[in-house]
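# Architecture and fold: a report
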Amino acid sequence: MKAGLDLGGTNIQAVVTDGGAEVVGQARRETPREGGPKAVAFELAEALRDALDDAGVEAMALSGIGVGAPGSIDPKAGTVLQAANIEGWVEPFPLARVLEEELSRPVALGNDVTVAVEAERRFGAGRSYDSFLGVFWGTGVGGGIVLDGKVWEGRGSAAEIGHIVARPGGRRCNCGLRGCVEAYAGRGAMEERAREMARRHPTMLFEIQERRGRLRLTSGVWARALEQGDELAHTLIERAVGALGVGIGSAVTLLDIEAVIMGGGFGLRLGEEWLHRVEAATQKHLFRREQPPDFRLAELGDLGGAIGATLIAR
Ligand SMILES: [Zn+2]
């Protein structure tokens, strides 16, 4: 058996699998917003213990644990160098070693999006394609490219669809550039923008957040606001869709891939309806409009990142 942990800017997802696609236990926790990497490592270990309880097995039954982490990582050293979407994670932290000490099993570290794309390629919506672009729409906007049946990593940072420039000179992105897709479509950036705009525009977003006892504007909070016809939420999501269309359209024009597979907490929560709006926004920017790619939701859903992480476990 193997275990996988997916560390997101909002949630931590843990799974225990049979070593393949079958999930035998799972658990989810909120990513701590205080305490930096140490607090995050503690919460990851707790999430894994919850998943082991759910599966009814002991940690010793695991051959290995994989962790998909955001930001820039050094897989060989097991270190997360920095993670812009996690509060207080500004210096390198030896995540794999700390978790090994905590859980007494070998831990391998990989990029969160790369492992999620590999999981979709092997077990999910990517099975029937030789080439596709994975777009993971969550706190940030991550991407992964499969070409000729293989994940293309470039020199380590390929497919950063969230950091394609959608508006030159536009809003400042977490990465330091201006006008990135993520600066409009990342849920973190959208929350920041919603706070600014809420001073002048009425919105239910923050009431819904409070009622649900959330630390952030989660996907569920946004979805509820949309259902209730919240204008500000609508405007910001439309803007996000427009930015995604620019980024995805450019990528498709460049790579001529067969499909776009949308995952990530936000993308999945918004579902088919918004997937098709992103498809329509993309269509506007395609060089060959008569041969658009298929648009599909990630089949492994919320668990894709954690299942993908098991694939790098020993
Ligand atoms: Zn950026």
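## Regarding the overall build of the protein
Helices and strands together make up the secondary structure of the protein, namely ten helices and twelve strands. At 19 Å, the protein has a C-alpha radius of gyration in line with the 20 Å of a compact globule built from 314 residues. By its C-alpha atoms, the protein is 50 × 45 × 35 Å across when sized along the principal axes. Summarising the internal contacts of the protein: among those between residues at least 6 apart in sequence, 63% fall at separations of at least 24. Counting every atom, the protein has about 14000 Å² of accessible surface; 47% of that belongs to carbon and sulfur. The averaged location of the 43 negative side-chain charges in the protein is 5 Å from the averaged location of its 36 positive side-chain charges.

## Topic: empty space enclosed by the protein
All chains considered together, the criterion is met by two cavities of 30 Å³ or more. In this structure, the largest cavity occupies an estimated 70 Å³ of space. Taken together, Arg-171, Ala-183, Tyr-184, Ala-189, Met-190, Arg-193, Leu-236 and Arg-239 make up the lining of the largest cavity. Taken together, the elements giving at least two residues each to the lining of the largest cavity come down to helix 4 (182-185), helix 5 (187-197) and helix 8 (231-255). The element contributing the most residues to the lining of the largest cavity is helix 5, with three residues.

## Brief notes about the coordination of the zinc ion
Within the protein, the atoms that donate to the zinc ion are His-163 (ND1), Cys-173 (SG), Cys-175 (SG) and Cys-180 (SG), at distances of 2.0 to 2.4 Å. Between the four donor atoms coordinating the zinc ion, the angles at the centre fall across 106 to 117°, so the site counts as tetrahedral. As a motif over one chain, the donors of the zinc ion read H-x9-C-x1-C-x4-C. On the criterion of sequence distance, the pair formed by His-163 in the loop between strand 10 (150-152) and helix 4 and Cys-180 in the loop between strand 10 and helix 4 is long-range, its members being 17 residues apart. Relative accessible area serves as the criterion here: at 0%, Cys-180 is assigned to the buried category.

## Structural notes on the packing of helix 8 against helix 9 (residues 265-283)
Between helix 8 and helix 9, whose axes approach to 9 Å, the crossing angle comes to 60°. As summarised for this structure, helix 8 and helix 9 are arranged oblique, according to the angle between their axes. Note that helix 8 runs across helix 9; the crossing there is right-handed. Residues His-234, Ile-237, Glu-238, Val-241, Leu-244, Gly-245, Ile-248 and Gly-249 of helix 8 form the contact with helix 9, whose participating residues are Phe-266, Leu-270, Trp-274, Arg-277, Val-278, Ala-281 and Thr-282.

## Concerning a negative patch on the surface
A grouping of Asp-130, Asp-148, Glu-258 and Asp-294 is seen on the molecular surface, where their side chains present a negatively charged patch. Residue position: Asp-294 is located in strand 12 (residues 294-297).

## Concerning the layout of surface pockets
In this model, the second largest pocket occupies a volume close to 340 Å³. Around the second largest pocket sit 19 residues that line it, and Asn-174, Gly-188, Ala-189, Glu-192 and Arg-216 are the ones nearest its centre. Sorting the residues of the lining of the second largest pocket by element identifies helix 4 and helix 5 as the ones contributing at least two each. Here the lining of the second largest pocket gets five residues from one element, more than from any other, and that element is helix 5. Taken together, the residues of the lining of the second largest pocket sort by class into five nonpolar, five polar and nine charged.

## Thoughts on the sheet that holds strand 1 (residues 2-7)
A sheet is described by the order of its strands in space; here five strands give the open sequence 3-2-1-4-7, paired in mixed fashion. Only two strands of the sheet have a single neighbouring strand rather than two, namely strand 3 (23-30) and strand 7 (107-111). Along the sheet, successive strands turn relative to each other by an average axial angle of 15°, direction set aside. Those strands touched by helix 2 (residues 95-103) are strand 1, strand 4 (64-69) and strand 7, and its axis lies near 145° from that of strand 7. Set on the sheet, helix 3 (residues 112-123) makes contact with strand 1, strand 4 and strand 7; between it and strand 7 the angle comes to about 90°.

## Quick notes on the domain arrangement of the protein
As far as domains go, the protein holds domain 1 (2-116 + 303-310) and domain 2 (128-298). Inter-centroid distance (C-alpha atoms) of domain 1 to domain 2 is 24 Å. With ten residues of domain 1 in contact, the opposing surface of domain 2 contributes 16 residues. Carbon and sulfur atoms supply 52% of the area buried between domain 1 and domain 2, which totals about 1100 Å² over both sides. Linking domain 1 with domain 2 are one salt bridge, by the criterion used here. Between Glu-30 and Arg-214 there is a salt bridge; the shortest N-O distance is 3.7 Å. Counting every contact that joins domain 1 to domain 2 gives four residue pairs in polar contact (both at pLDDT 80 or more). Broken down by element, the side of domain 1 that touches domain 2 gets its largest block of residues, three residues, from helix 3. Here the side of domain 1 that touches domain 2 is composed, by residue class, of three nonpolar, five polar and two charged.

The rules we used
Residues numbered from 1 in each chain as written. Predicted model: local features only at pLDDT ≥ 70, side-chain atom pairs only at ≥ 80, totals over all residues. Heavy atoms only, no water. Helix = DSSP H or I, 4+ residues; strand = E, 2+ residues; numbered from the N terminus. Rg over C-alpha atoms; globule rule 2.2 N^0.38 Å. Contact = heavy atoms within 4.5 Å. Areas by Shrake-Rupley, 256 points an atom, 1.4 Å probe, with all protein chains shown as cover. Lys, Arg positive; Asp, Glu negative; His and termini not counted. Charge placed at Lys NZ, Arg CZ, Asp CG, Glu CD. 1 Å grid on protein atoms, 1.4 Å probe; cavity = no way out; pocket = protein on both sides within 12 Å on 5 of 7 lines; lining within 4 Å. Points joined across faces, edges and corners; volume = space filled by probe spheres on them. Donors = N, O, S within 2.8 Å, 3.2 Å for Na, K, Ca; no water. Tetrahedral: all angles 85-135°; square planar, octahedral: opposite > 155°, others 65-115°. Buried < 20%, exposed > 50% of the residue type's maximum accessible area, 1.4 Å probe, protein only. Axes fitted to C-alpha atoms, helices over the stretch in contact; angles between N-to-C directions. Parallel < 35°, antiparallel > 145°, perpendicular 65-115°, else oblique. Left-handed = near helix turned anticlockwise from the far one by under 90°. Patch = residues over 30% accessible without salt bridge, like charges linked within 9 Å, V, L, I, M, F, W, Y side chains within 5 Å. Salt bridge = Lys/Arg side-chain N within 4 Å of Asp/Glu carboxyl O. Nonpolar A, V, L, I, M, F, W, Y, C, P; charged D, E, K, R; others polar. Pairing = 2+ DSSP bridges. Domains from an automatic or database assignment. Buried area = accessible area lost by both parts, 1.4 Å probe. Polar contact = N/O pair within 3.5 Å; in protein donor to acceptor, adjacent residues only side chain to side chain.

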